[in-house]
Every structure is written in structure tokens, then in C-alpha cells.
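Summary of structural features
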Amino acid sequence: MTWTKAGVTLSLAVLGGAAAVQAQVPEITIDDNRIIEGDSGLRSISFPVTLSEPSSQTITITWRTPGTGSATPDVDYVSVTSGSLTFAPLQTIGVVSVDVIGDTIDESTAQTFAVDIVSVVTGNATLRKFRAIGKILDDDKNNAAVFYFSAVAEGASSAATLVTNRLIWRVPVADLPPTRFLIRWSEGDGCTPPSSPVATPPYVEVVANLPDETQVYPHPNVVPGQLYCYSIWAGYPGYGPGTSLTVRPPLDFGGRVKWVYATTEGGLALEAPTVGPDAIYTVDASGNLHALGRGLDPSAGAGLWPAAWNPETLGKRAHFRSPLVPLSQGPRLFVGTEDGEVASVNGLNGSLVWNTLLTPTPVAGGAQAPLAGIFKVFGGEHDMLLAGTAALSGNTFRALDPATGNPIDFFAPGLGPTSGMAVVDYAAKPNRVYFTSRPGTALETLWALELGPLNTDDLTELWRATTGASDSAPVLRGGRVYHGDNSGRAYSVRASDGGDVRSFNTSDGAIKGYLFPDRWSTALYASTTGRVWKLVDGTSLTSDWSVSVPSPSIPLLWSSQSYLYVGGGDGKLYQIDPATGSANNDVALPTATVTPLGAPSLDIGYGLLLVPSGNCIFAVRVPY
Ligand SMILES: [Ca+2]
Ligand SMILES: [Ca+2]
Ligand SMILES: [Ca+2]
């Protein structure tokens, strides 16, 4: 039932049922709430009042607004001097409500007011929490900015089918969210995003009901293959700075391109994504972490931010690899950034868990090595994050506690800069880690450390080898360590002692990233300046074939499908037969202009390749 008394609305929600009446004295709690202000008239904000136990008695409380808080009584809300609320016997939930007064004034601070339970006037009850805080979310911000403006374009089942561009954005400040957004667009090749926030068609205005959560506007009936230029502004009645992006919904490629994620963040520099159980993660050049839903269908969340994801801004770019998602540490991501920080981020909501600065810090624009890890849940003897530094001198290789970021141990025998991700050897007892460096005070470039027996934390040198100066990461297969150096030479080294060094010279510039090993044969795949290589390692390291691909990405072998995938600098995705090196197909992905493709990642659960290209991630169904 509800009734109104002197401008105050009281509401009761009556719980029925035959709950046993407790002998304990119930405790009363009143909960906080928030509301979007509105521009005129009154909006009712309600505060739940609960009893900890049902009572056999009728309980009546009195309440009021004491005038405490930043909001002004009878200007921002209608003050209440003597409200009352009655709980019938067995009723445990009630509600008191206050009217908030709409205006169009840009109020620059959070407006709050208190609602106090004053006394229990009938029945036997005590107060556990007597004060609720009401928050009035101002919706008249003239100077707000939108962050993380992105779009997911759906793939079309045929070129004649109109599709949807899902626009996604976020305002990361929870307490002062702009609640209205103006979106304008233009379309067609050569379009430019609208530059002024005026409500000139075509446009749409979006009012956010939950202003601090991810917002989505599905723009319907867009034409596949056609370029769209969007701008968005936040605020009302004036608007803050605009943010723009372009997106081209895929043409029909036999249904191969399922969706395209496009973002304004980080310029032309999304990294190869990491696929985790909960989401797809990638980083951009300005240090933002992006999370995208997995799957094939954007209308079911694929390519969209998870609703609860409020991304941590790392501030600096994470180089070469997206977050480490070890699956074993709860929903945790681990990222190293180019300023020398290591961060742990909650993979479900994007919040920072801890961060630690590794010293010495990298040279400006240098590349902190991506993180590796060893985890007991996978059979390791330790829980450790492993990372090397990339300064001019004094470099260290470190072990960190993944739970806290606290240093466990370090190793520093004159190392040169490290920039490739280390690889952990779970099979060796004690467990080992291998990593590469450029030459430093010590000229060696390939290192093997023992991690010590279980429950001790010693990084102890096992061996070192002088292979080439390297920015690429080692890989481990069949008792041998493989890596490529910056001169284009690939190495195979015996893992047990660093002996029996074999090499092959591609003579085609630095080997990119790492050699991709085929776990089921003696083959490895590599990319250099203009070629993709199949190397085989029997008693010597030799080339089986190489094929010309313009500026190829790090290759990806999908063993179960027997194809090698490489992103090309010509904007095409190459599907290569590993037996012959022939590219049995290639696809130009629909970027606004030809943009080089980065290294693909595989979401094996959906048979999707996730291919970074400039400010986009393409989800491509393979094989084709
Ligand atoms: Ca308003
Ligand atoms: Ca106000
Ligand atoms: Ca206002």
C-alpha cells in the first residue's frame, strides 16, 4: 500500500508467509540509493528499510531528512521533518521515499543528502544502521567526456542483408556520470565524423538509466561494406568534447567475418588479443585494457564489453603481448607496461588489484618484457610471475608473487635488456625458465635458470649461451629451446645444458616475436621482413619452405585444422598450407583503408581467429 502525506510518499511492501516469529529483537537497517535528477518536477527516490528478524509486534519508526549532505534541502530535494513507517507483524521490508527536485543547472559536485531513522515509536526493535545516503546524479553536465567509445559491426549473412553497428561507450567516473549522450553520424566512403553537437539528422539521443555502466546503442539497418563515421558527445544541455570513430560493417565473406570491434582508443595500435574463459582481452597504445565478449553473435554479447567491465587505464602501452591470463589465479590478468610497471587486474571488472614498478625502468619508448608465469595448479613447483627489465644497464630478471606483486627473487649477472616473454619448463625438476636478451655486460643472450626446489625461491643460473641479440621470445619443444634473433637467424639449443647449438639464417631481417612450434612434428614457423618460413629440426635446423608475404605478422598454427595463419601488411589474412607453403586463400578485411594486420589469436571454442588491424579486431571464422 502507499499513501501520501504532506508531499511525502510512504510505501510498504508486505511480505506474507508463515515465517516463524523469532524471539530476538529485530535490528533495523536503512539502505542507500541514487537517482538521476531530471530537469523539472519531482522524482521519487526510495530507501529500503529492513528488519533483521520478523516480529510478532507492529513496529513503527519515525524518520526525517536532517539536512546533512551537499544537496540543498527544498532546492534539490523536498525535506521531510516527520515521516513514519509501520511494519505489520511478520513484515520485514518497508520503503521510505523522498522527492528529488529536477533542474537544468550544471551542479559540479555529487549531491548527497541523509535520511535518518529517528526513533522506534511502537514495538521492540533496535537500530543497526540508522542513516541512508541519497545521491542525486546530476544530468546537466556541460563538460563531460566519453571514454572507450567503440563499435561492434555484425557480419552479414549476405550482402543484401542490413545489419547493426552496436556502439559501446563508458563513462568511468561512477559518482559524476553524464547521463545523456548525443550520437551523430555520416556514411559512405570518404565520410567524416560530424564535428558539432547539434541535433541535426541523422542523430540519436541516449539517456542512460545506469549511467556508470557500459552503454550500448544498436544502430540498426546499416549497409554491409559501407563506411560509417560516428561522433558522440556527453552532457546536457551543453556538451563536452566529442569523440569519433569509423567502422565498416563486413561484407559477406561467405559468413567468415562474424564481427568487427573498432575503438577510438590508442590510435592504430591494438595488440593481438588474449582469450580468457570470461572474455577476450587486448591492450591499446595508450594503455587501456579492453575486454570483449566471446562468441559469434554481437546481439548475444560477442565483441561487446561485459556490462560490469570498467577498464583500468594502465597509462602506458603494454608491449607485444596482451595480458597474461593464467586461468589459475581466479579471474586475474597480468600485464607489463613500457614504463616498467607490472599490474594485476581483475578480469571480471577491470579494476586494479596491485601494481609494482620493476627497476631499472626501461629506456623511453623501450619495451618492458611481457610477463611469464609458473603456477602450482598446472603442476609447477611455484606460483611466480617472471619478467626481465629492459633498461640500458643494470638489468634484472625477477620473480614476483602473483597474489601481491611483491618481489620474491631476482637475477642480475650483467644482463642486457630483455624484451621477449620467458618460457617456463614444467617438465624439468627443479622447474626452469628460459629467456633471451640483447648482449649487456655479459655477452650471452640465451639464459636458463633453475627456480629452486619446491618452496624455496632461488633463481639460479643453469647455463647461458651466446646466440644472437634477440627481442623475440624463446619457445620450448621436445627438450630444445628455440628462438630467433634480430639478424634473422633461428636457433635450436639443447635445454638440459645449452649445448648442441644449431642455427639457420633466413637473411631476411629480424625474426618476429617467436618461432611457432608444431607440437606434433619437428616443424617451426617464423616470420621475417617479407617471408614466412617453415623450419625443421632433425639433426640440423633447416628450411623446408618459405613464402613471400608482405610484412607478415607472427604466424599462428592451428594444429587441429592443419593451417597456418598470418596477418599481412597488405591488410589480407593468409591461410597457408603447412605442407607446401601455398596460400590457399586470402581475404582483405574491410578496414577503411588498407591497414596492416597483426598476429592472429585463436578462440578455439568458437573456431574464430581474432585479428588486430589498426583500431580494429576482426573475428574471422576459419578455416576458409
Ligand atoms: Ca537536470
Ligand atoms: Ca539539483
Ligand atoms: Ca542539475
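Summary of the structure given here. (Residues numbered from 1 in each chain as written. Chains lettered and ligands numbered in written order. Predicted model: local features only at pLDDT ≥ 70, side-chain atom pairs only at ≥ 80, totals over all residues.)

Attention now moves to the environment of Ile45. Checked against the element boundaries, Ile45 lands in strand 5 (residues 42-51). The class for Ile45 is buried, based on 22 C-beta atoms found within 10 Å. Separated by 89 residues in sequence, Ile45 and Gly134 have C-alpha atoms that sit 7.8 Å apart. Other than its neighbours up to four places away in sequence, Ile45 contacts Asn33, Ile35, Ser97, Val98, Val100 and Gly134. (Helix = DSSP H or I, 4+ residues; strand = E, 2+ residues; numbered from the N terminus. Buried ≥ 20, exposed ≤ 12 C-beta atoms within 10 Å, placed from the backbone. Contact = placed C-beta atoms within 7 Å.)

To continue, consider the nonpolar core. One finds Val260, Leu386 and Tyr525 to be the most contacted residues of the largest nonpolar core, which totals 129 residues. Ignoring anything within four residues of it in the chain, the contact list for Val260 reads Val152, Ala153, Val247, Pro250, Cys616 and Phe618. Ranked by size, the runner-up nonpolar core spans 26 residues in total, among them Val95, Val98, Ile117 and Leu137. (Core = buried A, V, L, I, M, F, W, Y, C linked by C-beta atoms within 7 Å.)

Here we take up the pairing of strand 5. Pairing geometry for strand 3 (residues 27-30) and strand 5, over 3 bridges, is antiparallel. Counted as the bridge partner of Ile30 is Val49 from strand 5. Pairing analysis gives 9 bridges linking strand 5 to strand 8 (residues 93-101), with the strands arranged antiparallel. Looking across to strand 8, one finds that Thr50 is bridged to Ile93. (Pairing = 2+ DSSP bridges.)

Attention now moves to the sheet that holds strand 14 (residues 180-187). In spatial order, the strands read 15-14-17-18; together these 4 strands make up an open sheet with antiparallel pairing. Two strands lie at the open edges of the sheet, namely strand 15 (203-207) and strand 18 (243-247), each paired on one side alone. Averaged over all neighbouring strand pairs, the angle between strand axes comes to 20°, with direction disregarded. The pairing of strand 14 with strand 15 spans 5 bridges and is antiparallel. Bridging from a neighbouring strand, Leu182 pairs with Glu205 of strand 15. (Axes fitted to C-alpha atoms, helices over the stretch in contact; angles between N-to-C directions.)

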